[in-house]
Each structure stands twice: as structure tokens, then as C-alpha cells.
Amino acid sequence: MACLLEAPLRISVLSEVTATSRHYVDRLFDPDPQKVLQGVIDMKNAVIGNNKQKANLIVLGAVPRLLYLLQQGSSSSELRAECAVVLGSLAMGTENNIKSLVDCHIIPALLQGLLCSDLIFIEACLRCLRTVFISPVTPVQLLYTDPTVIPHLMSLLSRSQRTQEYITQIFSHCCKTPEHQTVLFNHGAIQNIAPLLISPSYKVRMQALKCFSVLAYENTQVSMTLVNVLVDEELLSQVFVRMMQRDQPIDMQLTAAKCLTYMCRAGAIRTDDSCIVLKTLPCLVRMCSKERLLEERVEGAETLAYLMEPDVELQRIASVTDHLVAMLADYFKYPSSVSAITDIKRLDHDLKHAHELRQAAFKLYASLGSNDEDIRKKITETENMMDRIVSGLSESSVKVRLAAVRCLHSLSRSVQQLRTSFHDHAVWKPLMKLLQNAPDEVLVMASSTLCNLLLEFSPSKEPILESGVIELLCSLTQSDSPALRVNGIWALMNMAFQADQKVKGEIVRALGTEQLFRLLSDPDSNVLMKTLGLLRNLLSTRPHIDQVMSSHGKQIMQAVTLILEGEHSIEVKEQTLCILANIADGNTAKELIMTNDDILQKIKYYMAHSNVKLQLAATFCISNLIWNEEDGSQERQDKLRELGFVDILHKLTQASDPNLCDRAKTAMQQYLA
């Protein structure tokens, strides 16, 4: 019975609440404009800090009426401004409130309001637009629908400090794509916003700075322009450097460091420039210390990781700055049971977001260790580091799993680590588990790491082989994602290197000849290169070459012909000729070349090619075919002499490239022996 009473009780409570809210809405329809204005002001006071009241008023239809009053030319300026203020207050409630406001077409109405001349009304509209646009549920594209909006917003920047603050905040939240960056750039964002960096208002300076950080991110055009901008006769990069000084607020230091980081990554500032090495990098390392707030530590670490990702010198400098490698270990111990946080709200927030710290630490370790062997050693020797990575691979957060596997991938580039830490902690087990079921971005990084674990000197190679990995890798080669196809075939290529016939046979069986030949005509050149690499590894050592060619010779020769005839890169053709050279080294397999005049003509063509690499590979084929100590060598030599190969070899003994010259001389000696 208790269950039956629940619904009526809820309805009666709701009807009471809505009844108290209804009179606010009813007053918006009063014929007396003065009473309407007073009703809007009372509504404004009633909704401040009261999410329940906000939700009720939205349900009762206050929004369409407020928008109607806001857009009416007959409404007084004061009434229109108060309507915008109430709508802004409703927008500060829940995400559902924002959705309701957007569905009622609040954005076009407010943008229309900006055409009015009254500054107080314009500021109220902008403040409300700012609140709506900073919500993650608002489609930012709505700012760009009407092409007249951005230039009009630019023109309003000079009206007041408030318009400057709100407009730059709108821009920084709505600039999400390269297209958005281009629109803002083309409408003069840089020259209009740059002077705001020296505004007397901190809020304006801060929002202008944030604007530049989103405009410069991965944008060469913007970054190259920024580097030449002068603000009050001072270079913009120097303005940013001043904003990173220790006496500036942390938010400003961090955002200025992001601006310089993005300009550096876009190629506008050199990585060895003093503003990067002596200012930006140390500032970002400071942000990683445990005195900073969680979000500052996260942003600092992620920005630093991005700054030094492609530059080994910056990685080396960072690794010895302020004990960074050890400092990052604290990211995994936060918040600790003896945390200094006394603010319960802050503690609750940090507990919910502690995984972001772990993610940031993994990203920064990955970046630090991507090139230098000594840094990798330093990282793996940091307390419990390998255990932390292994734990990270099975965390519930996809972002943490991705960052952990990225860190593992970075460390797996080290031969020493593959032989020691990776083996000691059996990292291949959680990695294999991760590969069973993960989003594509995690799969790409995990399979890339697996490629390194399958290198011939890695002790993990044997146990991985025994775990039945071949089927899994073959399934990756059928993925729609080129990156996954590359990694699947790359791992199989590493597995086939100097493998025994049993493993090679399993690879060919599991992959299937149909799929192997499908990969040989893959539109992605990386996939094609790795497939050729796999084929080359399968066709090594004579018994293996003869065995593979006896069962699949016809299809392989067909594929080789197609590639040598096709529009492919020098690297692809060189790899294909090397496969032919391996086939030519077989005992019985070489007959597939000798009885194929078309292939022989192609080898002849490539011996006379303008590219030395192709000449070398083609000459190697002939050298293997005419080698004296093998059965039938005399007949093969005679046939190739008739086809004009000796004349070409003779010419190549005069080649300017010493390797090609030596290779041709070695081949000629077979005729003279």
C-alpha cells in the first residue's frame, strides 16, 4: 500500500510548489507595463540561487514570455534588460535548464538584442549569452550560423570592459575547430583582442589570454601572426612571458604558458628559444608541484607533455628540473589519508577527479620517456612505477587506460626495459586483456605497444605467442581503421621475424591467403609496406621459402607483378624487389621467377632504373638466381645472358654508387668462375 501512496503525495507537493511559482508567470501577462516590470524584478530576486524555482518557472512557460518581452520594440529598455538578467539567472541552473532555453531559441533572440543601442541591455544580453555558451550542452555552432554575428561582436568589444570580458569569454568557449579559428582570425580577432591584454581589468586580461590560447592551438597561421604582434610597442610573446611571472595569479601564469606552448608547437617559436627553455618550461614544471590545486597540476602536466613531445632536448631539460620525475609520483598518492585539505567540498571534488591526476602523470611520463634511454630508466626506477602502469591499464576510466598504455608504449621503445622491467612485471598479460575489449583509440596504442613486445629480443615474445595472440592480430588486420590494420600486420611481421616454420604456418593459416592478398592491395601505403615486410619475413631461410612458394607461389607472383607495375613509392617497390630476391634464394622457388618472362623483364627494367635502391634490390635478385654453387645455375646463367642481363651487370660495375658497383661485380664473378 505504501507504494500506492507515493505518487499522489509527490503530485500534491509539486502542485504546491508550482502554485507558488505560477503567480510570477501570471504577472508577466499583466496589461500594465509597470506591473510587468515589477513582476520580472520580483522573479529575478526569487530565482537567485534557487534551482527548484528556476526549474518550475521554466516548466510553467516563463521563458517564451520573457523572450517575447525582450524582443518587443514597445518594451522599455529597463524591462528588456531585466528580462535578459532573469534569463541569464535561469541559465545558471542545471544543464536541463540550458537545454530548455536553447530549445526556446534564446540564442537568436539575444543575438538580435545586441543590435540595440542601449549599452545596459547589450551587456545583459552578452552576460546571458556567455552563461549559455559556456555550458557543455549548448551547440557552439549556433554562434556561427549567421555570418554577421562575429563581425558585430568584434565591433562591440570597444563599448565597455563588460562587453570585452563577455565577448572574449564567448569566443574562447566557442572556438572548437580549425574552421572556428579561421572565422575568428579572418574577422580580426588578433588585432581586436591583443590590446585587451593590457586592460586595467584582470577579468578582461584573463579572458583575452584564454582567447589567444584557443586560437593558437595547433594553428600555424594564427601562431605565425601572433609572434609578430606588438602590444603597446612590446612583442606579444614578451607580454605572455610577463604574465608567467611568479607574482601573477596562477590561472594567468598557466594560460600564458599554454599560449607560448601552442605557438612553439605550431612552429612560430623555436624550441631552444629562451622564452620556452627558461620561462615556459619552468613555469609548467612549477604547476606540477603538490602545493598547486588538482586542476592546476593536471593542466600543467598535460601542457608540459604537449610542449616537449617532439623535442628530446626539452625532455632532457624537464627531466632534471625541480625533481620532476619524482614529483609526478605524488600524482598517484592523492588525496592521501593525511591530506592537508580541510575544505570538505574541495576534498569531495578532488576524490572524484583524482583519476585526472593519474592520467596527466602517465601522459607526462610518456612524453618524457619517448626518446631518451636514461630518462626511461629514471621513470621505471621511480617507486612502484611499473605496478602503477599495470594498475592503470585496468582502471575504469578510458582516459586513464589510454594514458597508461601510452606511457607503456613510450617505455617499450627501450631494449633494456623490454628485457628487464617489462619481463619482471609480465606487462604483456594486462596488455593482452586490454586488447580483448577496448575503444579504438586504446586499441591503437595497445597494439602498437604489443608490436614492440613481439620484437625478437623481447623475452615477452614467447609467452605472448603461447597465449594465442595470432587470431587477435589477424582480426585487427580486418579493421576499418588503417592504424589498427597497420599495427595488426606489423605485430605479425615482428612475430614472423626469424620464427620457426610452425609459427609461420600458423600466421599464414590464421590470416588466410585471401586476406593476405587483400592487404597487398590496401589503399594505405603503411599497411602495404608492413604486409610486404611480413611476406619478406615469411620468405626467409630456404626450406621456408620453398614451402610457402609451393603452396602460394602463383598468388604471390601475381601480387608482386601488380605492385611492380602500379603507382607505388620507391620504398614499396624496393621492399617488393627484396621479396623477389628472397624467392630467388629458394631451391625450387627460384624456378617461379625463371619461368616468368614478365617478372624477368621487370627485374631488368629496375636494374636500369634511376633510383639506386631499386637497382641494388633488382641486382640482388639476379645475383641469387645465378649463384654458382646451386643446382641448375649454368642453365639460369645462360638464359639470363641471352636476355641481356650480363650487359646490364657489366654497365653497373662502372656505377658511381660503391654498393651497387660491388654488387654488380659479385654477380659478374659468377659468370667468370
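For clarity, every value in this text was computed on a predicted model and none was experimentally measured.

Rules behind the numbers
Throughout, residues of each chain are indexed from 1 in the direction in which the sequence is written. Reporting in this predicted model follows two pLDDT cut-offs: at least 70 for local features of residues, and 80 or more for side-chain atom pairs to be given and counted; totals over whole chains, interfaces and linings ignore these cut-offs and use all residues. Calculated side-chain values reflect all of the structure's heavy atoms, with hydrogen atoms and water omitted. Helix and strand assignments follow DSSP, with helices taken as H or I runs no shorter than four residues and strands as E runs no shorter than two, numbered in order from the N terminus. We take the radius of gyration over the C-alpha atoms and set the globule estimate at 2.2 Å times the residue count to the 0.38 power. Burial classes follow relative accessibility: with a 1.4 Å probe on protein chains only, a residue under 20% of its type's maximum area counts as buried, one over 50% as exposed, and anything between as partly exposed. Throughout, a contact is declared for two residues whenever any of their heavy atoms are within 4.5 Å. Every accessible area reported is derived by Shrake-Rupley at a probe size of 1.4 Å, with residue values counting cover from the shown protein chains alone. UniProt positions are given in the numbering used here, feature names are shortened, and annotations may be inferred rather than shown by experiment. The axes used here are C-alpha line fits, helices contributing only the stretch in contact, and every angle between their N-to-C directions lies in the interval 0 to 180 degrees. Angle categories: roughly parallel below 35 degrees, roughly antiparallel above 145, roughly perpendicular from 65 to 115, and oblique for all the rest. Should the near helix be turned counterclockwise from the far one by less than a right angle, the crossing is left-handed, whereas a clockwise turn marks it as right-handed. Nonpolar residues are Ala, Val, Leu, Ile, Met, Phe, Trp, Tyr, Cys and Pro. Charged residues are Asp, Glu, Lys and Arg, and all others, Gly as well, are polar. Distance and chemistry together define a polar contact, namely a pair of N or O atoms within 3.5 Å, with one atom able to donate a hydrogen and the other to accept it when in protein, and with adjacent residues in sequence counting only for side-chain atoms on both sides. What a helix is expected to span follows from its residue count: subtract one and scale by 1.5 Å. To define a nonpolar core, start from buried Ala, Val, Leu, Ile, Met, Phe, Trp, Tyr and Cys residues and group those joined through side-chain atoms within 4.5 Å. Here the aromatic set is Phe, Tyr and Trp, taking the six-membered ring for Trp, and pairing holds for ring centres within 6.5 Å; pairs whose planes are under 30 degrees apart are stacked, those over 60 apart are edge-to-face, and all others are tilted. Note that the bend at a residue is defined as the angle between axes fitted to the seven residues ending at it and the seven residues starting at it.

Draft legend 1. Quick look at the overall build of the protein chain. Within the protein chain one finds 42 helices and two strands. Expected size for 673 residues packed as a compact globule is a radius of gyration near 26 Å; at 34 Å, the protein chain overshoots this value by more than 25%. Expressed along its principal axes, the backbone C-alpha trace of the protein chain runs to roughly 115 × 75 × 50 Å. Split into buried and exposed, the 673 residues of the protein chain put 55% on the buried side. Expressed as a percentage of contacts within the protein chain between residues at least 6 apart in sequence, the contacts between residues at least 24 apart total 67%. Of the roughly 30,800 Å² that the protein chain leaves accessible, carbon and sulfur atoms contribute 52%.

Draft legend 2. Here's a closer look at unusual backbone geometry. Residue N384 is not a glycine yet carries a positive backbone phi of 50°. Structurally, N384 is set in the loop between α22 (373-380) and α23 (385-392). The exposure class assigned to N384 is partly exposed, which follows from its relative accessible area of 47%. In the Ramachandran plot, Q498 falls in the positive-phi region, its phi being about 50° despite a non-glycine side chain. Along the chain, Q498 falls in the loop between α31 (482-496) and α32 (501-511).

Draft legend 3. The UniProt feature "repeat: ARM" (unreviewed entry) in the protein chain, seen in detail. Mapped onto this numbering, the UniProt entry gives "repeat: ARM" (unreviewed entry) at residues 61-97 and 511-553. Within the segment residues 61-97, helix and strand shares are 76% and 0% respectively, and the terminal C-alpha atoms sit 12 Å apart. Annotation note: span residues 511-553, helix share 79%, strand share 0%, distance between end C-alpha atoms 16 Å.

Draft legend 4. Layout of the packing of helix α5 (residues 77-91) against helix α8 (residues 119-133). The contact between α5 and α8 brings their axes to 8 Å, and the two run at 15°. Relative to α8, α5 is oriented roughly parallel. When the axes of α5 and α8 are compared, the crossing they make is left-handed. Side by side, α5 and α8 meet where R80, A81, A84, V85, L87, G88 and A91 of the first sit next to I120, F121, A124, C125, R127, C128, T131 and V132 of the second. Of the residues in the contact of α5 with α8, the class split is 11 nonpolar, two polar and two charged.

Draft legend 5. Focus on the side chain of S160. With respect to the helices and strands, the residue S160 is situated in the loop between α9 (149-156) and α10 (161-174). Judged by relative accessible area, which is 15%, S160 ranks as buried. Apart from residues lying up to four places away in sequence, S160 is in contact with L119 and E123.

Draft legend 6. Quick peek at the packing of α32 against helix α34 (residues 525-538). Look at α32 against α34: their axes get within 10 Å of each other, and the N-to-C directions meet at 140°. By the angle between their directions, the pair α32 and α34 is classed as oblique. Here the hand of the crossing between α32 and α34 comes out left-handed. Residues K504, I507, V508 and L511 of α32 form the contact with α34, whose participating residues are L534, N537 and L538. Looking at the contact of α32 with α34 residue by residue, the class counts come to five nonpolar, one polar and one charged.

Draft legend 7. Broad picture of the side chain of T261. Along the chain, T261 falls in helix α16 (residues 250-265). Excluding residues that lie within four positions of it along the chain, T261 makes contacts with T280, L284, T303, Y306 and L307.

Draft legend 8. Quick peek at the environment of A326. Secondary-structure assignment places A326 in helix α20 (residues 324-329). Residue A326 is classed as partly exposed on the basis of its relative accessible area of 48%. As a C-alpha pair, A326 and G505 span 179 residues in sequence and 47 Å in three-dimensional space.

Draft legend 9. The environment of T145, seen in detail. Considering the arrangement of structural elements, one finds T145 in the loop between α8 and α9. The exposure class assigned to T145 is exposed, which follows from its relative accessible area of 61%. The spatial distance from the C-alpha of T145 to the C-alpha of L393 is 42 Å, given a sequence separation of 248 residues. Polar contacts involving the side chain of T145 include one to the main-chain carbonyl oxygen of Q141, which spans 3.2 Å.

Draft legend 10. Region of interest: α16. Here α16 contains 16 residues, and its C-alpha end-to-end distance of 22 Å stays within 8% of the 22 Å for a straight helix at 1.5 Å per residue. Positive phi appears at G267, one or two residues downstream of α16, with a value of about 90°.

Draft legend 11. View of the nonpolar core. Judged by nonpolar contacts, the single largest core of 242 residues is most densely connected at F240, L368 and L580. It is α16 that contributes the most residues to this core, 10 residues altogether. When near neighbours in sequence (up to four residues on either side) are disregarded, L368 contacts M308, Q315, A318, S319, L324, V325, L328, I375 and I379.

Draft legend 12. Broad picture of the packing of aromatic side chains. With the rule as written, the count across this model stands at six aromatic pairs. For the ring pair Y217 and Y262, a centre distance of 4.9 Å and an interplane angle of 70° mean the geometry is edge-to-face. With Y217 in the loop between α13 (202-216) and α14 (220-226) and Y262 in helix α16, the pair connects residues that are 45 residues apart, well separated along the chain. Classification of Y217 as partly exposed rests on a relative accessible area of 37%. Ring centres 4.9 Å apart and planes at 75° place the aromatic pair Y605 and Y606 in the edge-to-face group. Cluster of aromatic residues (ring-pair linked, three or more members): Y217, Y262 and Y306.

Draft legend 13. Quick peek at helix α21 (residues 344-368). Counted at 1.5 Å a residue, the expected span for α21 with its 25 residues is 36 Å, and the 35 Å between its end C-alpha atoms agrees. A bend of about 50° at K352 is the largest found in α21.

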